[in-house]
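Okay, here's what each chain looks like letter by letter:
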Amino acid sequence: MQITSTIADTRAALKHRGRVVLVPTMGNLHDGHIALMREAAKHGDTVVASIFVNRLQFGPREDFDEYPRTFAADCARLEAVGVAHLFAPDEAAMYPQPQRYHVDPDPAQAGILEGAFRPGHFRGVATVVLKLFHIVRPDAALFGKKDYQQLMVLRNMTRELALPVEIVAHETVRAENGLALSSRNGFLAPEERIEAPRLYRALTRIRDAIRGGDRDFARLEGEAVAELDGRGWKTDYVAVRRQADLQTPSDGDEALVVLGASRLGQPRLIDNVEV
Ligand code: PAF
């Protein structure tokens, strides 16, 4: 696997490499990332991973400093899965001067749900992803559905700014007990690991109720929050939304998604299930 850390080296290395497929990550790779790498290989000739813990998408009281950095282990996993190229800039290479220009996603899409609890998060995500696209110049890029709102924001950014990149979504990868794989799961204490799949179960119960014809979304959401918080979680939201734009559904809307974010001990877990 070829590794570059500067913008110029990366552009030079990725010339004439056929159809390039990018999988952006912040490292600390788990099986969910590896599934994305495997899927990426089906969408082009050269799979490029990036590892960059992007300060811009962390709020002032969030876990940027604690975010796990496991570069050597990540490289070994990427090599093993056959990734051709890794772009791993440090902060000075990625942001050679303070980043004064940003992508500001529509607040109607980026200021709700995650954006309401993490102000500026999607501005940071959109800015770094646009920049990664300009550096790697991929033909396609893969993102996991676990970060459902991120996927929507990035799809819309790509479409509205006419970026020549195909956005490919990948299903959430789960542990056998249903827990969505996430780098932040590493912060769960052993007893929290047993409790953690409850968020997924709460969301799937709402999904099943909706499939069974129950459209009292407010009651379903309230019951899920009460269940989680009754067991010591601190829930930010459980919400039934339209898949397309994550707005509150109206009567005829059928393509729905149930999203949730809740803190279990220190880690804040997010998950979602499509209806
Ligand atoms: O999903 C992530 O890991 C990050 O938000 C991303 C897309 C790599 C941007 O920093």
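Worth saying up front: this structure is predicted, and the values here are computed from it rather than measured. (Residues numbered from 1 in each chain as written. Predicted model: local features only at pLDDT ≥ 70, side-chain atom pairs only at ≥ 80, totals over all residues. Heavy atoms only, no water.)

Visitor: I'd like to hear about the overall build of the protein, residue by residue, with values.
Guide: Within the protein one finds eleven helices and nine strands. Taking 275 residues into account, the globule formula puts the C-alpha radius of gyration at 19 Å, and the protein, at 19 Å, falls close to it. If you line up the protein on its principal axes, its C-alpha atoms span 55 × 40 × 35 Å. By residue count, 54% of the 275 residues in the protein fall in the buried class. Of all intrachain contacts in the protein linking residues separated by at least 6 positions in sequence, the fraction that spans at least 24 positions is 71%. With the model as given, the accessible surface of the protein reaches about 12,900 Å², and the carbon-plus-sulfur share is 50%. (Helix = DSSP H or I, 4+ residues; strand = E, 2+ residues; numbered from the N terminus. Rg over C-alpha atoms; globule rule 2.2 N^0.38 Å. Buried < 20%, exposed > 50% of the residue type's maximum accessible area, 1.4 Å probe, protein only. Contact = heavy atoms within 4.5 Å. Areas by Shrake-Rupley, 256 points an atom, 1.4 Å probe, with all protein chains shown as cover.)

Visitor: Would you mind going over the site of the ligand in detail, with residue names and values included?
Guide: Lining the immediate environment of the ligand, one finds Pro 24, Thr 25, Met 26, Asn 54, Gln 57, Val 128, Phe 143, Asp 147 and Gln 150. A distance of 2.6 Å separates an oxygen atom of the ligand from a polar side-chain atom of Gln 57. Residues of the shell around the ligand, tallied by class, amount to four nonpolar, four polar and one charged. (Near = heavy atom within 4 Å. Polar contact = N/O pair within 3.5 Å; in protein donor to acceptor, adjacent residues only side chain to side chain. Nonpolar A, V, L, I, M, F, W, Y, C, P; charged D, E, K, R; others polar.)

Visitor: Can you tell me about the pairing of strand β6 (residues 166–170), naming the residues and giving the values?
Guide: Summarising the sheet, strand β5 (residues 140–144) and β6 pair through five bridges and their orientation is parallel. Residue Leu 142 lies in a different strand from β6, and its bridge partner there is Val 168. Traced from β5 through helix α8 (residues 148–160) to β6, the parallel crossover comes out right-handed. (Pairing = 2+ DSSP bridges. Right-handed = clockwise from strand over helix to strand, strands pointing away.)

Visitor: Can you explain the packing of aromatic side chains? Please cite residues and give values.
Guide: For any pair of aromatic rings, the description consists of the separation of the ring centres together with the inter-plane angle of the planes. As enumerated under the stated definition, the model contains four aromatic pairs in all. Centroid distance Phe 58 to Tyr 67: 5.8 Å. Interplanar angle 80°. Geometry classified as edge-to-face. Judged by its relative accessible area of 10%, Phe 58 falls in the buried class. Among the aromatic residues, those joined into a cluster by ring pairs are Phe 58, Phe 64 and Tyr 67. (Phe/Tyr/Trp six-rings, centres within 6.5 Å; stacked < 30°, edge-to-face > 60°.)

Visitor: Kindly report on the packing of helix α10 (residues 198–211) against helix α11 (residues 217–230), identifying the contributing residues and their values.
Guide: One can describe the packing of α10 onto α11 by two numbers: an axis separation of 10 Å at closest approach and a directional angle of 160°. One finds that α10 runs roughly antiparallel with respect to α11. Of the two elements, α10 crosses α11, and the hand of that crossing is right-handed. Mapping the contact onto sequence places Arg 198, Leu 199, Ala 202, Arg 205, Ile 206, Ala 209 and Ile 210 in α10 and Phe 217, Leu 220, Glu 221, Ala 224, Glu 227 and Leu 228 in α11. Residue classes in the contact of α10 with α11 are distributed as nine nonpolar, no polar and four charged. (Axes fitted to C-alpha atoms, helices over the stretch in contact; angles between N-to-C directions. Parallel < 35°, antiparallel > 145°, perpendicular 65-115°, else oblique. Left-handed = near helix turned anticlockwise from the far one by under 90°.)

Visitor: Run through the nonpolar core, naming residues and quoting values.
Guide: Judged by nonpolar contacts, the single largest core of 26 residues is most densely connected at Leu 22, Met 94, Val 129, Phe 133, Val 136, Phe 143 and Met 157. Secondary structure elements with two or more residues in this core: β2 (20–25), α7 (121–136), β5 and α8. Those residues in contact with Phe 143 that sit more than four places away from it in its chain are Pro 24, Leu 36, Val 129, Phe 133, Gln 150, Leu 151, Leu 154, Ile 167, Val 168, Ala 169 and His 170. If you look at the next biggest cluster of nonpolar residues, it comprises 20 residues, including Leu 220, Ala 224, Leu 228 and Val 238. (Core = buried A, V, L, I, M, F, W, Y, C linked by side-chain atoms within 4.5 Å.)

Visitor: Requested: an account of helix α3 (residues 71–80), with residues and values cited.
Guide: If you check which residues of α3 are buried, you get Asp 74, Cys 75 and Leu 78. The buried residues of α3 all sit within an arc of 100° when viewed along its axis, so they share a single face. Projecting away from the buried face of α3 at angles above 90 degrees are the exposed residues Ala 72 and Ala 80. Summarising the contacts, the buried residues of α3 are in contact with β1 (2–4), α2 (31–41), β3 (46–51) and β4 (85–87). (Arc of directions from axis to C-beta.)

Visitor: Help me get a handle on the sheet that holds β1, residues and values and all.
Guide: Spatially, the six strands line up as an open sheet ordered β1-β4-β3-β2-β5-β6, and their pairing is parallel. Only two strands of the sheet have a single partner each, and these edge strands are β1 and β6. In this sheet, neighbouring strand axes are inclined to one another by 25° on average, regardless of whether the strands run parallel or antiparallel. Along the sheet, α7 contacts β2, β3, β4, β5 and β6; its crossing angle with β2, the most-contacted strand, is approximately 145°. Against the sheet, α8 contacts β5 and β6, and its axis sits at roughly 165° relative to β6.

Visitor: Tell me what's going on with the pattern of salt bridges, and back it up with residues and numbers.
Guide: Enumeration over the complete set of coordinates arrives at 22 salt bridges. Between Glu 223 and Arg 219 there is a salt bridge, and its shortest N-O distance comes to 3.1 Å. Taken as a pair, Glu 223 and Arg 219 lie in helix α11 at a separation of four residues, close to a single helical turn. Judged by its relative accessible area of 43%, Glu 223 falls in the partly exposed class. (Salt bridge = Lys/Arg side-chain N within 4 Å of Asp/Glu carboxyl O.)

Visitor: An account of α2 is needed here, citing residue identities and associated values.
Guide: Residues Gly 32, His 33, Ile 34, Leu 36, Met 37, Glu 39 and Ala 40 constitute the buried set of α2. Next to the buried residues of α2 lie β2, β3, α3, β5 and β6.

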